[in-house]
Amino acid sequence: MRNLYALVVTGAVMVALLGTIGVLAFNRVMQSDVSRKLMHTTAGLVFMLLWPFYEDSPYSRFCAASLIAGISLYFAAVGLGFFKDHLKLTIAATRTGRPKDLLKGPVLYGLVHTAVTAIYWRDSPVGIMSLCALCGGDGLAVFGGLLGRILGLPWTLPWNSKKSWAGSIAFLLGSFYTSVPLMTLFVDRGFFHLEAHQLLRGCAICSAVGMLVESLPILEYDNLTVPAAVAFTSQLVMSSAASS
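Quick caveat, the model's predicted, so the values are computed rather than measured. (Residues numbered from 1 in each chain as written. Predicted model: local features only at pLDDT ≥ 70, side-chain atom pairs only at ≥ 80, totals over all residues. Heavy atoms only, no water.)

1. What to know about the overall build of the protein chain
Step number 1: Assigned secondary structure in the protein chain consists of nine helices and two strands.
Step number 2: Sequence-ordered secondary structure for the protein chain, helices as α and strands as β, is α-α-α-α-α-α-β-β-α-α-α.
Step number 3: Whereas a compact globule of 244 residues would reach a radius of gyration of roughly 18 Å, the protein chain reaches 18 Å, a difference of no more than 12%.
Step number 4: Expressed along its principal axes, the backbone C-alpha trace of the protein chain runs to roughly 45 × 45 × 25 Å.
Step number 5: Buried positions account for 52% of the 244 residues belonging to the protein chain.
Step number 6: Summarising the internal contacts of the protein chain: among those between residues at least 6 apart in sequence, 75% fall at separations of at least 24.
Step number 7: Summed over its atoms, the accessible surface of the protein chain is roughly 11,800 Å², and 70% of this surface lies on carbon and sulfur atoms.
Step number 8: Positive and negative side-chain charges in the protein chain, numbering 17 and 12 respectively, have mean positions lying 9 Å apart. (Helix = DSSP H or I, 4+ residues; strand = E, 2+ residues; numbered from the N terminus. Rg over C-alpha atoms; globule rule 2.2 N^0.38 Å. Buried < 20%, exposed > 50% of the residue type's maximum accessible area, 1.4 Å probe, protein only. Contact = heavy atoms within 4.5 Å. Areas by Shrake-Rupley, 256 points an atom, 1.4 Å probe, with all protein chains shown as cover. Lys, Arg positive; Asp, Glu negative; His and termini not counted. Charge placed at Lys NZ, Arg CZ, Asp CG, Glu CD.)

In structure tokens, the structure reads:
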């Protein structure tokens, strides 16, 4: 029953969060570029913050993962034209506002969250770190690039003219400063163990790797390449320490 209650609460929070961003974007209170990255940044972090509400059982991870899988199926159904977008998420979640574009980034984003939740869950720093890089890092990189242009700092990266130093620095800081408190929360709750220096060093290394991968000229796939690279790195630098 605790898992059921946790699922209901998590679902209500996620629908309220996504629905609010969707309505704001639909009514032009915020631009779609802002709403898209706000959704990208906040959804996964809020979802992870609710993980401790689930009970300690082998099935809890799949219960939590089913919620994100359901949201991904909703995006896919709207993108394929099976459902109307009652949550007003199309404008908020895509660059163009076309339902078919939900089948690209948003669906892939949801599937990555589903897989990470089911595989790593809250018992490993690997999944938490990879989702923090995807949400806090990749999400804030765009805001960093925008701020850099506003401040007159349009310096682009030598290997990718579509990325800026300001955006990459924002990725690094966003990934690091979202992963450290979340990782500390799960350590304090006893889900895994990491010494403070191991936690800080691991978050820094993984954030740097994520920043490098995000800066590569593979824009259509960074929802996949960033968490994959960070998961591999955190498996090397944090997983063994957490299990010891």
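2. Some remarks on the environment of Asp-123
Step number 1: Relative to the elements of secondary structure, Asp-123 occurs in the loop between helix H5 (105-119) and helix H6 (125-150).
Step number 2: The sequence separation of Asp-123 and His-193 amounts to 70 residues, and the corresponding C-alpha distance is 9.3 Å.
Step number 3: Here Asp-123 is in contact with Arg-61, Phe-191 and Phe-192, once residues within four sequence places are set aside.

3. Some words on unusual backbone geometry
With the exception of glycine, the majority of residues adopt a negative phi angle, and the majority of peptide bonds are in the trans configuration.
Step number 1: With a phi angle near 65°, Arg-28 is a residue other than glycine that sits in the positive phi range.
Step number 2: Judged by its relative accessible area of 62%, Arg-28 falls in the exposed class.
Step number 3: The phi dihedral of Trp-121 is positive, around 55°, even though this residue is not glycine.
Step number 4: Assignment of secondary structure puts Trp-121 in the loop between H5 and H6.

4. Describing the pattern of salt bridges
Step number 1: The final tally for this structure, using the stated rule, is five salt bridges.
Step number 2: Residue Arg-98 is joined to Asp-101 by a salt bridge in which the shortest nitrogen-to-oxygen separation is 3.5 Å.
Step number 3: One salt bridge in this structure joins Glu-214 and Lys-163, with 2.5 Å as the shortest N-O distance. Here Glu-214 is found in helix H8 (residues 196-214), whereas its partner Lys-163 is found in strand E2 (residues 160-164), with 51 residues between them in sequence.
Step number 4: For Glu-214, a relative accessible area of 3% translates into the label buried.
Step number 5: Residue classification places Lys-163 among the buried residues on the basis of a relative accessible area of 14%.
Step number 6: Through salt bridges that share partners, Arg-98, Asp-101 and Lys-104 make up one connected network. (Salt bridge = Lys/Arg side-chain N within 4 Å of Asp/Glu carboxyl O.)

5. Brief notes about the UniProt feature "transmembrane region" (unreviewed entry) in the protein chain
Step number 1: Under the UniProt annotation, the feature "transmembrane region" (unreviewed entry) is placed at residues 6-26, 38-53, 59-82, 102-121, 127-152 and 164-187.
Step number 2: With 75% helix and 0% strand, residues 38-53 has its two end C-alpha atoms placed 24 Å apart.
Step number 3: Between the C-alpha atoms that bound residues 164-187 the distance is 34 Å, and the span itself is 96% helix and 4% strand. (UniProt positions renumbered as here; feature names shortened; annotations may be inferred.)

6. Comments concerning the side chain of Thr-10
Step number 1: Take Thr-10: it is sitting in helix H1 (residues 2-26).
Step number 2: Only 3.2 Å separates the side chain of Thr-10 from the side chain of Tyr-54, close enough to count as a polar contact.
Step number 3: Discounting chain neighbours no more than four positions away, the residues touching Thr-10 are Phe-47, Leu-50, Tyr-54 and Leu-67. (Polar contact = N/O pair within 3.5 Å; in protein donor to acceptor, adjacent residues only side chain to side chain.)

7. Details of the environment of Gln-198
Step number 1: Following the sequence through the fold, Gln-198 ends up in helix H8.
Step number 2: The class of Gln-198 is buried, set by a relative accessible area of 17%.
Step number 3: Taking the C-alpha atoms as reference, Gln-198 lies 12 Å from Leu-236; in sequence the two are 38 residues apart.

8. A closer look at the nonpolar core
Step number 1: Membership of the largest hydrophobic core comes to 57 residues, with the highest contact counts inside it found for Met-48, Trp-51, Ile-128, Met-183 and Phe-192.
Step number 2: The dominant element in this core, judged by the number of residues it contributes, is helix H3 (residues 60-79), at nine residues.
Step number 3: Those residues in contact with Trp-51 that sit more than four places away from it in its chain are Thr-117, Trp-121, Arg-122, Ile-128, Leu-131 and Phe-186. (Core = buried A, V, L, I, M, F, W, Y, C linked by side-chain atoms within 4.5 Å.)

9. Overview of the pairing of E2
Step number 1: Pairing between strand E1 (residues 156-157) and E2: two bridges, direction antiparallel. Bridge pairing in E2 links Leu-157 to Asn-160.
Step number 2: Remark: two residues form the turn of the hairpin made by E1 and E2, two consecutive strands paired antiparallel. (Pairing = 2+ DSSP bridges.)

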